[in-house]
Amino acid sequence: MSKFTPVYTKARDVLTKQKFAVPDWDKYLTQTCPIASLFGLSGFDSGHADVTDKLRKKILDESKHTNAVAVFFLGGGPGEVIYNAAQNKTSPGTWIERAAVLKMAKHVYHAHKQGGQDVWVYSPPKQHTKQIFDELAGSDDTIKAKLEQDNEIFTAKEQELMCDALGVARKIAMDCQVKVDAKNDEAKKMVRRWFLDADSTDTELNDALSKLSAGIKKIAAACSSSTLVFTDYLDWRKQRNDYFGGAFRGGEGGGFPVIYLEGAFTRLKGNSGKLWLCAETILHELSHHEVSTQDHRYDSSGLKPDKNTLPYAKTIDNADSWGYFMLDLAGYLSASDFSNTWK
């Protein structure tokens, strides 16, 4: 499986233990652009958010100085620059591992808005079908060609959409946290609507309020995290346009949230009226990540609780039920979207 966290962990290990080409690149990556500082124990460190911009500029500037003849015969450009930067025969590890780290970091973005939510985006090349440490295999020329590939999976506009959607998701989660904790009539009404079946009693109502209170608190914290990472899931590349997103139940063990956003999500970039659906996707995936919910049923099949087909035991464990409950409670679900979903 192509999880992001093991790639992050290996990159951090390489940066901690290995050295790049001396003297220029090793000095640059430890002093001018201390890239190892970006890879914190529990996620990317926003205090060093500028290092990937510096790295991209350095690679671009170096590639411009590559001899034109060498560019023609060897591929040149960024691929050749990364290849040269990774060479150090006295360092532990391999030059391929060091090249993989530089290639990975080159596609990491600190995507955020002024006064808005910080978020990290790892946007690898579309041509890659494996995580970077596995993708870089074969002859030197083959690896250089892969290092050269630069057509990223997410555009700048799509990264902007992620920031906007996360901001909405954060507002929704924080609003719902207050309302659920208050256990007011509105919150109870929504709990009954999205979670309780015909056989449910006050026992289930109180159980749901308790679970939702604890879970939404975690989701709101994840939405506010400075280490949240958006990326895509490589195993889905061939069918990614069929999916909105994904996340691993209970997290990936790295200490920071990771959400995989796919083609169905990014297709909504030109439709501001669908921003609520992007926010629901994030809330849905964070319920997997933070609360270990499952996918018993999706909105397309209807989320109205039913004692036979969708009883309380499943709704309280269903990611889309959590997502739509939060949208509805926070006032983000239109009448038409409600009727299309609560059926």
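A brief look at the structure comes next. (Residues numbered from 1 in each chain as written. Predicted model: local features only at pLDDT ≥ 70, side-chain atom pairs only at ≥ 80, totals over all residues. Heavy atoms only, no water.)

### Topic: the sheet that holds strand β7 (residues 258–261)
Operational definition: For two strands to be treated as a pair, DSSP must find at least two bridges joining them. Strands here are runs of E lasting at least two residues and helices are runs of H or I lasting at least four, both read from the DSSP assignment and numbered beginning at the N terminus. Contacts are assigned to residue pairs that have any heavy atoms within 4.5 Å of one another. In this analysis an axis means a line fitted to C-alpha atoms, helices contributing only their contacting stretch, and an angle means the value between N-to-C directions, from 0 to 180 degrees.
Read from one edge of the open sheet, five strands run β3-β4-β5-β7-β6, paired in mixed fashion. The two strands at the open ends of the sheet, each matched to only one other strand, are β3 (108–111) and β6 (245–246). Pairing of β3 with strand β4 (residues 119–122), which is carried by four bridges, proceeds in the antiparallel orientation. In the strand pairing of β4, tyrosine 109 is matched with valine 121. Helix-sheet contacts for helix α1 (residues 4–17) involve β4, β5 (229–231) and β7, and the interaxial angle to β7 is about 120 degrees. Along the sheet, helix α9 (residues 156–182) makes contact with β3, β4, β5 and β7, crossing β4 at roughly 145 degrees.

### Section: helix α11 (residues 202–223)
Cut-off, in case you're wondering: Multiplying one less than the number of residues by 1.5 Å gives the expected span of a helix. Only protein chains enter the accessibility calculation, which uses a 1.4 Å probe. A residue is then buried if its area is under 20% of the maximum for its type, exposed if over 50%, and partly exposed in between.
Compared with the 32 Å implied by 1.5 Å per residue over 22 residues, the 31 Å span of α11 between its first and last C-alpha is a close match. Residues Leu205, Ala208, Leu209, Leu212, Ser213, Gly215, Ile216, Ile219, Ala220, Ala222 and Cys223 constitute the buried set of α11. Check the buried side of α11 and you find it contacts α9, α10 (185–194), α13 (275–291), α14 (312–315) and α15 (319–329).

### Let's talk about the pattern of salt bridges
Keep this limit in mind: Salt bridges are defined as contacts in which a side-chain nitrogen from Lys or Arg sits within 4 Å of a carboxyl oxygen from Asp or Glu.
Counted under the stated rule, the structure contains 18 salt bridges. The closest approach of N and O atoms between aspartate 53 and arginine 56, which form a salt bridge, is 2.6 Å. Of this pair, aspartate 53 and arginine 56 both sit in helix α3 (residues 51–64), separated by three residues, roughly a single helical turn. Accessibility expressed as a relative area gives 49% for aspartate 53, which makes it partly exposed. Salt-bridge contacts for aspartate 150 lead to lysine 106; the nearest nitrogen and oxygen are separated by 2.7 Å. Here aspartate 150, found in the loop between α8 (140–148) and α9, pairs with lysine 106, found in helix α6 (residues 95–106); they are 44 residues apart in sequence, far enough to count as distant.

### What about the pairing of β7?
The two faces of β7 match: Val258 and Tyr260 on one face and Ile259 and Leu261 on the other face are all buried. Bridge count for β5 against β7 is three bridges, and the pairing is parallel. Following the sheet pairing, phenylalanine 230 is matched in β7 by isoleucine 259. Pairing analysis gives two bridges linking β6 to β7, with the strands arranged antiparallel. Residue pairing for β7: glycine 245 is matched across the bridge by leucine 261.

### Considering the packing of helix α5 (residues 77–85) against α8
Just so we agree on the cut-off: Working rule for angles: under 35 degrees goes down as roughly parallel, over 145 as roughly antiparallel, 65 to 115 as roughly perpendicular, anything else as oblique. Crossing handedness is read from the near helix: turned anticlockwise from the far helix by less than a right angle, it gives a left-handed crossing, and turned clockwise, a right-handed one.
Orientation of α5 relative to α8, taken along the N-to-C sense of each, is 120 degrees, at an axis distance of 7 Å. One way to sum up the angle between α5 and α8 is to call them oblique. Considering only the axes of α5 and α8, their crossing is right-handed. Here α5 contributes Gly77, Pro78, Gly79, Glu80, Ile82 and Tyr83 to the contact with α8, which in turn contributes Asp140, Lys144, Leu147 and Glu148.

### Description of the environment of threonine 201
Its location among the elements puts threonine 201 in the loop between α10 and α11. According to the relative accessible area criterion, threonine 201 is partly exposed, its value standing at 41%. On a C-alpha basis, the gap between threonine 201 and proline 23 in space is 71 Å, while along the polypeptide they are 178 residues apart.

### As for the side chain of threonine 341
Tracing the backbone shows threonine 341 in helix α16 (residues 335–341). Residues within four places of threonine 341 in sequence aside, it is in contact with Trp194, Asp299, Gly302, Leu303, Lys304 and Tyr324.

### Some details on the nonpolar core
Soluble globular proteins tend to bury their nonpolar side chains together. For clarity, the cut-off: Throughout this description, the term nonpolar core refers to a set of buried Ala, Val, Leu, Ile, Met, Phe, Trp, Tyr and Cys residues connected via side-chain atoms within 4.5 Å.
Counting 55 residues, the largest nonpolar core has Ile172, Val191, Phe195, Leu212, Phe230, Ile282 and Phe325 as the members making the most contacts within it. For this core, the secondary-structure elements that each account for two or more residues are β4, α9, α10, α11, β7, α13 and α15. Top contributing element to this core by residue count: α9, with eleven residues. Counting residues in hydrophobic clusters, the runner-up holds 46 residues, among them Tyr8, Val51, Tyr233 and Val258.

### Considering the packing of aromatic side chains
The geometry of two aromatic rings is summed up by the distance between their centres and the angle between their planes. Selection criterion: In summary, the pairing rule links any two rings of Phe, Tyr or Trp, Trp by its six-membered ring, whose centres are within 6.5 Å, and it sorts them by plane angle into stacked for under 30 degrees, edge-to-face for over 60 and tilted for everything else. Each ring is checked for a lysine NZ or an arginine CZ that lies within 6 Å of its centre and within 35 degrees of its normal; such an atom marks a charge sitting over the ring.
Under the definition given, this model contains 21 aromatic pairs. A ring pair is formed by tryptophan 194 and phenylalanine 338, whose centres lie 6.0 Å apart and whose planes are at 85 degrees; its orientation type is edge-to-face. Separated by 144 residues along the polypeptide, tryptophan 194 in helix α10 and phenylalanine 338 in helix α16 bring together distant segments of the chain. According to the relative accessible area criterion, tryptophan 194 is buried, its value standing at 0%. Here tryptophan 276 and tyrosine 324 contribute two aromatic rings whose centre-to-centre distance is 6.2 Å and whose plane-to-plane angle is 70 degrees, an arrangement assigned as edge-to-face. Of this pair, tryptophan 276 sits in helix α13 while tyrosine 324 sits in helix α15, and the two are 48 residues apart along the sequence. For tyrosine 324, a relative accessible area of 2% puts it in the buried group. It is lysine 3 that lies over the ring of phenylalanine 248; its NZ or CZ is 4.6 Å from the centre. Taking NZ or CZ as reference, lysine 58 lies 4.8 Å from the ring centre of tyrosine 28, over its face.

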